[in-house]
Amino acid sequence: MTQEPHIPVLLKEVLGYLDCRSGGLFIDGTFGAGGYTRAMLNANPGVHVIGFDRDPNTLGTAHQMMTDFNGRFTFIHDCFGNMAQHVHNQVDGIVLDLGVSSMQIDQPERGFSFRSEGPLDMRMAQRGISAQEVVNGFPEQEIAHILFRYGEEKASYRIAAAVVQARQKAPITTTVQLADIIHRVMPRPKDGSDSAMRSFQALRIFVNDELGELERALTASIDLLKPSGRLVVVSFHSLEDRLVKNFLIHHSALRPHNNRHAMTEMTAEPILFEVLTKKPIVAGEEELACNPRAHSAKLRAARRRQEAMS
Ligand SMILES: C[S@@+](CC[C@H](N)C(=O)[O-])C[C@H]1O[C@@H](n2cnc3c(N)ncnc32)[C@H](O)[C@@H]1O
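Caption draft 1: Representation of the packing of helix α11 (residues 210-224) against helix α12 (residues 238-250). Where α11 contacts α12, the two axes come as close as 10 Å, and the packing angle between them is 25 degrees. Judged on the interaxial angle alone, α12 and α11 are roughly parallel. Between α11 and α12 lies a crossing of right-handed hand. Where α11 abuts α12, its residues Glu210, Leu211, Leu214, Glu215, Leu218, Thr219, Ser221 and Ile222 lie against Leu239, Glu240, Leu243, Val244 and Phe247. Taken together, the residues that form the contact of α11 with α12 break down as eight nonpolar, two polar and three charged.

Caption draft 2: Expanded view of the site of the ligand. With respect to spatial proximity, 25 residues lie near the ligand, and among them Asp53, Phe80, Asp97, Gln104 and Glu213 are the closest. Contact between the ligand and Gly34: an oxygen atom at 3.2 Å from a main-chain N or O atom of the residue. At 3.1 Å, a backbone N or O of Gly35 approaches an oxygen atom of the ligand. Relative to its unbound accessible surface of 610 Å², the ligand loses 99% to contact with the protein. Class assignment of the residues belonging to the shell around the ligand gives a composition of nine nonpolar, nine polar and seven charged.

Caption draft 3: Just the domain arrangement of the protein, in detail. Considered domain by domain, the protein is made up of domain 1 (11-102 + 210-309) and domain 2 (126-207). Of note, the centres of domain 1 and domain 2, computed from C-alpha atoms alone, are 31 Å apart. Listed as interface residues are 12 residues of domain 1 and, on the opposing side, seven residues of domain 2. Between domain 1 and domain 2, a total of about 830 Å² is buried, with carbon and sulfur atoms accounting for 46% of that surface. When residues of domain 1 are sorted by the area they lose upon contact with domain 2, Glu210, His237 and Leu239 head the list and together hold 51% of the total. Taken together, the links from domain 1 to domain 2 amount to two salt bridges. A salt bridge links Arg204 to Glu210; the nearest nitrogen and oxygen atoms lie 2.8 Å apart. Scanning the region where domain 1 abuts domain 2 turns up six residue pairs in polar contact (both at pLDDT 80 or more). Elements with a minimum of two residues in the side of domain 1 that touches domain 2: α11 and α12. When residues of the side of domain 1 that touches domain 2 are assigned to their parent elements, the largest contribution, four residues, is made by α12. Grouping the amino acids of the side of domain 1 that touches domain 2 by side-chain chemistry returns four nonpolar, four polar and four charged.

Caption draft 4: Examining the environment of Asp92 more closely. Summarising the element assignment, Asp92 is placed in strand β4 (residues 91-97). In this structure Asp92 comes out as partly exposed when scored by relative accessible area, which is 23%. Spatially, the C-alpha atoms of Asp92 and Val47 are 9.8 Å apart, while their sequence positions differ by 45 residues. If we ignore the near neighbours within four places in the chain, the residues touching Asp92 are Gly24, Leu25, Phe26, Leu225, Lys226, Gly229 and Arg230. Of the polar contacts made by the side chain of Asp92, one reaches the side chain of Lys226; its length is 3.2 Å.

Caption draft 5: A look at the side chain of Asp78. For Asp78, the position within the fold is in the loop between β3 (73-76) and α4 (83-86). Within the structure, the side chain of Asp78 is placed 3.1 Å from the side chain of Asn82, a separation counted as a polar contact.

The rules behind these values
Residues numbered from 1 in each chain as written. Predicted model: local features only at pLDDT ≥ 70, side-chain atom pairs only at ≥ 80, totals over all residues. Heavy atoms only, no water. Axes fitted to C-alpha atoms, helices over the stretch in contact; angles between N-to-C directions. Helix = DSSP H or I, 4+ residues; strand = E, 2+ residues; numbered from the N terminus. Parallel < 35°, antiparallel > 145°, perpendicular 65-115°, else oblique. Left-handed = near helix turned anticlockwise from the far one by under 90°. Contact = heavy atoms within 4.5 Å. Nonpolar A, V, L, I, M, F, W, Y, C, P; charged D, E, K, R; others polar. Near = heavy atom within 4 Å. Polar contact = N/O pair within 3.5 Å; in protein donor to acceptor, adjacent residues only side chain to side chain. Areas by Shrake-Rupley, 256 points an atom, 1.4 Å probe, with all protein chains shown as cover. Domains from an automatic or database assignment. Buried area = accessible area lost by both parts, 1.4 Å probe. Salt bridge = Lys/Arg side-chain N within 4 Å of Asp/Glu carboxyl O. Buried < 20%, exposed > 50% of the residue type's maximum accessible area, 1.4 Å probe, protein only.

Written as structure tokens, this is what we have:
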């Protein structure tokens with residue numbers, strides 16, 4: 001299979017909200033193919049970037065970029081959820097472009113796609129528990145819970161039962177094997193999508209602890225960002241977007257705080273962020289025409305404030 005290069009999503013908007021034109025220190029939590037990092041470094045010679053990625057396949061590009069941008073780019077091969085353990089100076093901006101890259105999804109051997117035959121893996125870091133171990137080893141109830149919680153799959157119990165029945169005959173080792181099991185018990189969705197999509201999303205989120213990672217990074221951003229520092233998050237499904245939205249509402253003036261009779265613990269907390277995107281930013285027609293990944297992208301951005309009470 002020919003591999004399409006990863007086209008950075010909402011790049012112009014990301015750069016705009018990060019505001020790196022006048023230099024500064026930035027964290028790119030999801031280095032991937034380095035699309036955002038390169039654009040940030042090119043925006044101003046005074047920009048320094050610390051890039052994170054958990055996937056060892058990104059190391060080659062990262063090392064090349066360290067050479068190309070001598071001294072201005074540092075790469076940390078770890079999860080962005082651990083960023084506070086590695087970065088000890090406050091930064092001017094943090095960007096997260098969540099989920100998987102085109103390189104990961106297009107390589108059948110990574111096991112992310114139900115469209116091409118590959119081992120049922122799905123581990124971005126290429127270590128830890130794999131999707132294969134989940135579907136073959138977890139109790140039926142737990143599989144159903146994962147499909148419902150992380151895929152919002154209403155037929156989670158039906159699919160989990162089919163998985164358990166199938167694995168009693170032979171272990172489920174490939175993506176296509178799992179997709180076939182799901183297709184057999186699920187009607188084809190009217191919107192033309194694939195009935196295995198939600199289950200694959202759920203397993204991927206669980207295997208990579210994607211929501212836990214996002215929560216840890218959002219919390220870390222509170223202390224890592226300088227006053228006026230920017231937080232920019234591009235998400236690709238509603239669970240991630242909801243988490244970012246709720247975090248920003250909770251820590252900004254958007255939270256419900258007007259009712260003086262309802263003075264709760266929350267309303268007494270300081271306002272930490274000014275939300276810059278009242279509604280999430282989505283891709284325009286021009287970008288959608290040349291980058292299918294942009295269809296589900298939602299960008300939310302906020303500026304860190306000096307701490308002040310609501
Ligand atoms: C959508 S791609 C980023 C593409 C990048 N913005 C670019 O322009 O090339 C997401 C990348 O983030 C990485 N990633 C996802 N979750 C991560 C996490 N919790 N910690 C570190 N890297 C992560 C993936 O391995 C993948 O390479």
